[in-house]
Amino acid sequence: MKVIITAHARKRLQDLRQEQIEEEDIYTATRSIPGYIPTATRFRGFVASTGRPFDLVVKDVLAGRLVITIIGR
């Protein structure tokens, strides 16, 4: 499945709250979500390779799975 990270989500990766979360962590987490997601939904409980917990807001579109934003904790 193709994963598309929005410009907003990429910008959020630069914020202090999302530091230590890499794009590869986002790809891995997004691909681990099963099923079809017709509306934007928050998924909780992912952990980056550095140990930083984060949440994702994801939606499935025709082009693939769209990562709308990343919420670091």
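Structural data are supplied above this passage.
Remember, it's a predicted structure, so these values are computed and weren't measured experimentally. (Residues numbered from 1 in each chain as written. Predicted model: local features only at pLDDT ≥ 70, side-chain atom pairs only at ≥ 80, totals over all residues. Heavy atoms only, no water.)

### A word on the nonpolar core
Then, number 1: With 17 residues, the main nonpolar core has Ile 5, Ile 21, Ile 26, Phe 54, Leu 56, Val 67 and Ile 70 as its most contacted residues.
Then, number 2: For this core, the elements supplying multiple residues, two or more each, are strand S1 (3-5), helix H2 (23-31), strand S3 (53-61) and strand S4 (64-72).
Then, number 3: When sequence neighbours within four positions are dropped, the list of residues in contact with Ile 26 reads Ile 5, Ile 21, Phe 54, Leu 56, Val 67 and Ile 70. (Core = buried A, V, L, I, M, F, W, Y, C linked by side-chain atoms within 4.5 Å. Buried < 20%, exposed > 50% of the residue type's maximum accessible area, 1.4 Å probe, protein only. Helix = DSSP H or I, 4+ residues; strand = E, 2+ residues; numbered from the N terminus. Contact = heavy atoms within 4.5 Å.)

### Remarks on H2
Then, number 1: Inspection of H2 places Asp 25, Ile 26, Tyr 27, Ala 29 and Thr 30 among the buried residues, and these make up the whole buried set.
Then, number 2: Looking at the packing, one finds that the buried side of H2 touches S1, helix H1 (7-12), strand S2 (41-47), S3 and S4.

### What to know about the pattern of salt bridges
Note on pairing: side chains with opposite charge can pair once their charged atoms come close.
Then, number 1: Across all of its chains, the model carries 4 salt bridges by this definition.
Then, number 2: Residue Glu 23 pairs with Arg 10 through a salt bridge whose shortest N-O separation is 2.7 Å. Linking Glu 23 in helix H2 with Arg 10 in helix H1, this pair joins segments that are 13 residues apart in sequence.
Then, number 3: Residue classification places Glu 23 among the partly exposed residues on the basis of a relative accessible area of 30%. (Salt bridge = Lys/Arg side-chain N within 4 Å of Asp/Glu carboxyl O.)

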